[in-house]
Amino acid sequence: VSGDGEVVLDRRESIIVRENPKSPISEAYRVLRTNLEFASLDGQLKCFLFTSSGPNEGKSTTVSNLAVAAAQTGAKVLLIDGDLRNPTLHRVFQCSNRKGLTSVLVGRETAAEVIQQLDEANLFLLPTGPIPPNPAELLGTERMKELLSQVRQEYDYIYIDAPPVLAVTDAAVLSRRVDGVILVVASGMTHRKALIEARDRLARVNANLLGVALVRAKFDSEYQS
């Protein structure tokens, strides 16, 4: 957090709910976790996609912190890096990306062989694995559908980090495979026109857009505990 109260996260501080659990930013991630829990009270919503209108708007940081916050409640959580063009989560959690989602989708490995347990007892990561030449086609395969069906049986929550909606078709393809989509919006960075276009593209594929997560917003420091 900068001196003027603006939320600023760099890669070294991207898991702030772990490093500084009492901060206002950590509490905001816990609020997001709770909101999704209430959206899932009947147990029907457990697989969520996180995307944004454009790059560098904070979706990977958001989904990483949310996953840690959810795992801290005792829920069994799987993070999937669905950005097969610019993978990030293996760097956030400092783990191998040699094998992962693409290895499963092309039939070289099983999910159990490439899913990695992270520092939190209930948190697991499925990284991208090798970058493929055809990301959208892979994500739209029957194997991807089968994989999500399998992990639904094994985890309480599945969070997928997807590419930006306006950059490529990957997020739109994945949105048809999940229970709900959260659009990450960066305060002072995301343009209104881009946000509307992202919303409309998701609507055209009948995505269940649950809402937006506003990041990099300013807050009043007098409310800090």
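For the structure, see preceding data.
Now for a description of the structure that goes with this document. Only a predicted model underlies this, so the values are computations on that prediction, with no experimental measurement involved.

Focus on the overall build of the chain
- From N to C terminus, the chain includes 10 helices and seven strands.
- For the chain, long-range pairs separated by at least 24 residues make up 78% of all intrachain contacts whose partners lie at least 6 apart in sequence.
- Carbon together with sulfur atoms contributes 47% to the accessible area of the chain, which is approximately 10,900 Å² in total.

As for unusual backbone geometry
- Unusually for a residue other than glycine, Asn 56 sits at a positive phi of about 60°.
- Secondary-structure assignment places Asn 56 in the loop between strand E1 (47-52) and helix H3 (59-71).
- Judged by its relative accessible area of 62%, Asn 56 falls in the exposed class.
- The residue Asn 206 is not glycine, and still its phi comes out positive at about 60°.
- We classify Asn 206 as exposed; its relative accessible area is 72%.

Considering the packing of helix H2 (residues 24-39) against H3
- Look at H2 against H3: their axes get within 9 Å of each other, and the N-to-C directions meet at 75°. Of the possible angle classes, the one that applies to H2 and H3 is roughly perpendicular. Contacts between H2 and H3 pair Tyr 29, Arg 30, Leu 32, Arg 33 and Leu 36 from the former with Thr 61, Thr 62, Asn 65, Leu 66, Ala 69 and Ala 70 from the latter.
- Residue classes in the contact of H2 with H3 are distributed as six nonpolar, three polar and two charged.

Concerning H2
- Under the 1.5 Å per step criterion, the end-to-end length of H2 is 23 Å for 16 residues, consistent within 8% with the ideal 22 Å.
- Buried residues of H2: Ile 25, Ser 26, Tyr 29, Arg 30, Leu 32, Arg 33 and Leu 36, and no others. Along the axis of H2, the buried positions cluster into a sector of 155°, meaning they face one direction only.
- Check the buried side of H2 and you find it contacts helix H1 (16-19), E1, H3, strand E5 (157-161), strand E6 (180-186) and strand E7 (209-215).

Considering the packing of aromatic side chains
- Summed over all chains, the structure comprises four aromatic pairs.
- With centroids separated by 6.0 Å and ring planes inclined at 35°, the aromatic side chains of Phe 48 and Tyr 159 adopt a geometry described as tilted. Taken as a pair, Phe 48 in strand E1 and Tyr 159 in strand E5 lie far apart in primary sequence, 111 residues in all. Across the pair, Tyr 159 and Phe 48 agree in class, each one buried.
- Ring geometry for Phe 50 and Tyr 159: centres 6.0 Å apart, planes at 85°, overall edge-to-face. Residue Phe 50 is found in strand E1, and its partner Tyr 159 is found in strand E5; the two are separated by 109 residues along the sequence.
- Residue Phe 50 is classed as buried on the basis of its relative accessible area of 0%.
- Residue Tyr 159 is classed as buried on the basis of its relative accessible area, which comes to 1%.
- Grouping aromatic residues by their ring pairs yields a cluster made of Phe 48, Phe 50, Tyr 157 and Tyr 159.
- Directly above the ring of Phe 124 sits Lys 76, whose terminal nitrogen or CZ lies 5.6 Å from the centroid.

Definitions and limits used
Residues numbered from 1 in each chain as written. Predicted model: local features only at pLDDT ≥ 70, side-chain atom pairs only at ≥ 80, totals over all residues. Heavy atoms only, no water. Helix = DSSP H or I, 4+ residues; strand = E, 2+ residues; numbered from the N terminus. Contact = heavy atoms within 4.5 Å. Areas by Shrake-Rupley, 256 points an atom, 1.4 Å probe, with all protein chains shown as cover. Buried < 20%, exposed > 50% of the residue type's maximum accessible area, 1.4 Å probe, protein only. Axes fitted to C-alpha atoms, helices over the stretch in contact; angles between N-to-C directions. Parallel < 35°, antiparallel > 145°, perpendicular 65-115°, else oblique. Nonpolar A, V, L, I, M, F, W, Y, C, P; charged D, E, K, R; others polar. Expected span 1.5 Å × (residues − 1). Arc of directions from axis to C-beta. Phe/Tyr/Trp six-rings, centres within 6.5 Å; stacked < 30°, edge-to-face > 60°. Lys NZ or Arg CZ within 6 Å of the ring centre and 35° of its normal.

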